[in-house]
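Spelled out from the first residue to the last, the chains are:
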Amino acid sequence: MPLELANFKVDKVVFGSTTAWKDGILEIDGDEIMELVAADPYIENVNVEIASPGDSTRIVNDRDVLEPKLKVDGPAVAYPGITGRPVNTVGQGRTHRLAGMTVISCAEFPEVRVDGSRTWGETPPHQFVDMSGPCAISPYSALSNVCIEMSTEREIDADTWNRSLQAALFKISDRLAETTRDLTPPEVEVIDLTPKPDLPGFVFIPMLASPEHRFGATSSMGTGVYGITKLTQPWFLDPTEMLDGAVAGTYGGSHVTWPLTNSIVLHMARNHGKEFNFLGCIVVRTNWESQSDKQLMANRATQLAQTVGASGAIVTTNVRGQRFAETVLTVQACERVGIKVVLLTEEEDDENATASPILIPVPELVAVVSNGTGSASGPFPAVEKVIGGFGDESWAAEREPIHGRYGVSHTSDVYGFTKQSRVDY
Amino acid sequence: MMTAIPVIPLTVGANRVIRGVRVPHVVGDPSLSVEKDRETAMRIVLTALRALQTPVDEPTLFEPAETPFDPSLILAKEATRAA
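This structure is a prediction, so every number in the text was calculated from the model and none was measured.

**A few points about the overall build of chain B**
Looking only at helices and strands, chain B has three helices and three strands in total. Ordered by position in the sequence, the α and β elements of chain B form the string β-α-β-α-β-α. A principal-axis box enclosing the C-alpha atoms of chain B has dimensions of 45 × 25 × 20 Å. Residue burial in chain B is summarised as follows: out of 83 residues, 33% are buried. By sequence separation, contacts in chain B at least 24 residues apart represent 50% of the contacts at least 6 residues apart. Where the 9 positive side-chain charges of chain B centre and where its 10 negative ones centre are 4 Å apart.

**Concerning the sheet that holds strand β13 (residues 128–130) of chain A**
All names here are of chain A. The strand order across the open sheet formed by three strands is β13-β6-β24, and the pairing between neighbours is mixed. Whereas interior strands pair on both sides, the edge strands pair on one side only; in this sheet they are β13 and β24 (385–387). In this sheet, adjacent strand axes meet at a mean angle of 20 degrees when their direction is disregarded. As paired strands, strand β6 (residues 57–60) and β24 are joined by three bridges and run parallel to one another. By the bridge assignment for β24, Thr57 is matched with Lys385.

**With respect to the packing of aromatic side chains**
All names here are of chain A. Overall, the coordinates contain nine aromatic pairs over all chains when judged by the stated rule. Taking 4.9 Å as the distance between ring centres and 70 degrees as the angle between the ring planes, the aromatic pair formed by Phe128 and Phe380 counts as edge-to-face. Highlighted residues: Phe128 in strand β13 and Phe380 in the loop between β23 (368–370) and β24, separated in sequence by 252 residues. The pair formed by Phe128 and Phe380 is uniform in burial state, with each residue classed as buried. Here a set of aromatic residues connected by ring pairs shows up, and it is made of Tyr140, Phe204, Trp258, Tyr415 and Phe417.

**A look at the sheet that holds strand β20 (residues 277–286) of chain A**
Residues and elements named next belong to chain A. Sheet architecture is open: six strands sit in the order β18-β20-β16-β21-β22-β23, paired in mixed fashion. Two strands lie at the open edges of the sheet, namely β18 (235–237) and β23, each paired on one side alone. On average, each strand axis in the sheet is tilted by 20 degrees relative to the strand beside it, whichever way the strands run. Sheet topology places β18 next to β20; three bridges connect them, and they run antiparallel. Looking at the pairing, Leu237 lines up with Cys281 of β20. Taken strand by strand, helix α7 (residues 291–307) contacts β16 (201–209), β18 and β20, and its axis lies near 165 degrees from that of β20.

**Observations regarding the environment of Ile360 of chain A**
Looking at the secondary structure, you find Ile360 of chain A in the loop between β22 (340–345) and β23. Sequence separation between Ile360 of chain A and Phe15 of chain A is 345 residues; the distance between their C-alpha atoms is 49 Å.

**Side note on the environment of Asn287 of chain A**
All names here are of chain A. Take Asn287: it is sitting in the loop between β20 and α7. In this structure, Asn287 is in contact with Ala209, Ser210, His213, Leu231, Tyr251, Lys294, Gln322, Arg323 and Glu326, ignoring residues within four places of it in sequence. Engagement of the side chain of Asn287 in a polar contact is seen with the backbone oxygen of Ser210, the distance being 2.9 Å.

**Topic: helix α1 (residues 30–38) of chain A**
Residue and element names in this part refer to chain A. Listed in full, the buried residues belonging to α1 are Gly30, Ile33 and Val37. Seen end-on, α1 carries its buried residues on one side only, within an arc spanning 70 degrees. Every exposed residue of α1 that faces more than 90 degrees away from the buried side is listed here: Asp31 and Glu35. Elements in contact with the buried residues of α1: β2 (12–15), β4 (25–28), β5 (45–51), β14 (144–151) and α2 (158–178). Two or three places before Asp31, at the opening of α1, Asp29 has a side-chain oxygen 3.1 Å from that residue's backbone nitrogen.

**With respect to the side chain of Glu63 of chain B**
All names here are of chain B. Within the secondary structure layout, Glu63 lies in the loop between β3 (60–62) and α3 (72–82). The buried category is assigned to Glu63, whose relative accessible area is 19%. Apart from the residues lying within four places of it in its own chain, the contact partners of Glu63 are Arg19, Thr47 and Arg50.

**Let's talk about the interface of chain A and chain B**
Between chain A and chain B, the residue contacts involve 13 residues of the former and 12 residues of the latter. With both sides pooled, the region where chain A packs onto chain B buries about 1,000 Å², and carbon together with sulfur makes up 63% of that total. The largest per-residue losses of area from chain A upon contact with chain B belong to Glu289, Gln291 and Ile360 of chain A, which jointly make up 49% of the total buried on that side. Across the chain A-chain B interface, the total number found is two salt bridges.

**Observations regarding the pattern of salt bridges**
When charged atoms on two side chains of opposite charge get close, those side chains can pair. Residue and element names in this part refer to chain A. Counted under the stated rule, the structure contains 20 salt bridges over all chains. Of the charged contacts in the structure, one is a salt bridge between Glu189 and Arg270, with a shortest N-O distance of 2.4 Å. You can see Glu189 sitting in strand β15 (residues 188–191) and its partner Arg270 sitting in helix α6 (residues 264–270), a full 81 residues away along the chain. A residue is classified by how much of its surface remains accessible, and Glu189, at 15% relative accessible area, is buried. Across the pair Arg336 and Glu364 runs a salt bridge, and its minimum N-O distance is 3.1 Å.

What counts, and at which threshold
Residues numbered from 1 in each chain as written. Chains lettered and ligands numbered in written order. Predicted model: local features only at pLDDT ≥ 70, side-chain atom pairs only at ≥ 80, totals over all residues. Heavy atoms only, no water. Helix = DSSP H or I, 4+ residues; strand = E, 2+ residues; numbered from the N terminus. Buried < 20%, exposed > 50% of the residue type's maximum accessible area, 1.4 Å probe, protein only. Contact = heavy atoms within 4.5 Å. Lys, Arg positive; Asp, Glu negative; His and termini not counted. Charge placed at Lys NZ, Arg CZ, Asp CG, Glu CD. Pairing = 2+ DSSP bridges. Axes fitted to C-alpha atoms, helices over the stretch in contact; angles between N-to-C directions. Phe/Tyr/Trp six-rings, centres within 6.5 Å; stacked < 30°, edge-to-face > 60°. Polar contact = N/O pair within 3.5 Å; in protein donor to acceptor, adjacent residues only side chain to side chain. Arc of directions from axis to C-beta. Buried area = accessible area lost by both parts, 1.4 Å probe. Salt bridge = Lys/Arg side-chain N within 4 Å of Asp/Glu carboxyl O.

Written as C-alpha cells, this is what we have:
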C-alpha cells in the first residue's frame, strides 16, 4: 500500500494571534501553545521561541527534534507508540507533514549523584545548534524551529522528566500539524514501494541503541520502535512506517527522530524503482551485553535481509563505543552471505594518525562513507540570543572549536545530512 | 585482556584475549547460583593464567569453556573459607 505524503512546506514561522498555516507561513499563537503544556504539573515553566535560519541564535539543551506530522485518514497516528500514543500500524494512507520545520524540546536534565540525591546535570559544551555563522552546520540550522523551553524546580528523576518533555513535544507538534487537516495540500508525493522487475534490492539497516541496560526495559530514555525501547530482536519495518515516525525518541544526545523521517529513508524511497528496489528497513537494537548476543542480532538482521532478497544494504550506527560491535558484526554477517554493505558512520579520533578511525576494522568492512569526527573547526561567533540556556549567559559568548572524539560530537551525523565540509575519495 | 566483547581487542591487536561474560559483569554472572557464579569466575581466571603461559604470534582468543576445570576447586575454596 502506498503512502501519500502531503507536503505543507514551511518557509517561515511567525508569532501571531492564531495558529494557522497559509502559503508557506506557519503562524503560531504562543499563549495557546504554552497552554497545551500547562496541565502537566511537572512542567512548572514553559516558554516558546522561534529560531529561523540566519538568526543570531544558539539553541542549547535540545532534547528531541521532530517534524510535525498528521495522519488524516484511518485509525493510525503519526509517531505511534511513544508516550502512550496508539500503536496502529502506520505507513499507509495520507500523512500531512510540515516540511522544512521542526519542534524542539529544550530542557536541562537531572543526574543522580553517588549519594542518590539529584542535581541538574552539566550540559555538554559541544552540544548546541547555531542558526547562523560558519558553524551553522546542523540540519536544523537550515530549518524553522519552534523551540519549547521547559523547566521545573522539583527534584525529579530523569525518566519522569523525560516523559513530561516527550508528551509536551508531541502535544505541540500535533497541534501545529492539525492546522493542515482541512487544507488542500500544495503537493502530494506518493511513496509506492512496489518492486520493479530486474532491479537489485536494497535495505536500510539503522543500528539504534537501546537504553535498557541503564534505565530498564520500559524506560522512555531512548529511541523506541512503536514506543518499545527495550532490547528486542531486529524489527522489519516498511520504509513508509519510518516516514510516519514509527521509530522515534532520543538516546543520550543522539537525535534520530527528525533524521529517520527526513534523510536516508526519504532519499531511498524517492529513488526506489530507478536504480534499485527499496525493500525495507531492519532496525537492529544495540547495547546487548555479550558478544554472542550481538552476534545473534547481526545474524538475525542478515537473515531478514536475505529473506526479502536484498543484495545491498546501507548500515548506520547512532552511538559509538560498544554499540559499534553490533554494527560491525552486522556488516560482516551481511558481506559473508553476499549482501554488499555501505556503512555510514562517524570516525573515531585518530589521535594524530596513531589510532584506527574505525573502532573495529574487520576485513569485511570494505565500503565506508565517513561523516566526519563530530568536530567543528570554529570558533563559533557570539550570538545575540540563546534558547534553552536557562539563565546561563555564557552560552551567548564566542565558543572554542570542538575536537570530535569519543563522546564529543558537535553534530552527530551518522545519517550524513549536515552541511559539514567533506572530502570525496 | 578479559572482555565481554572480544572482537574489539582482537581487531585492535591485543595479544591474548579472554572471553568474559557480559559488559556489566565481565568476570562472573550474578544471575547464576553462587556455585556456578564462582565456577564461571574461576574458569575465566584460569583461562587468563593459561593464556599467559601460551606463546602467541597474533591476537588470540582464549575460551573459558575450553579450559580444563575441576569442580572440586570450588569445594576446596569453600573448605578454606570455612576454616
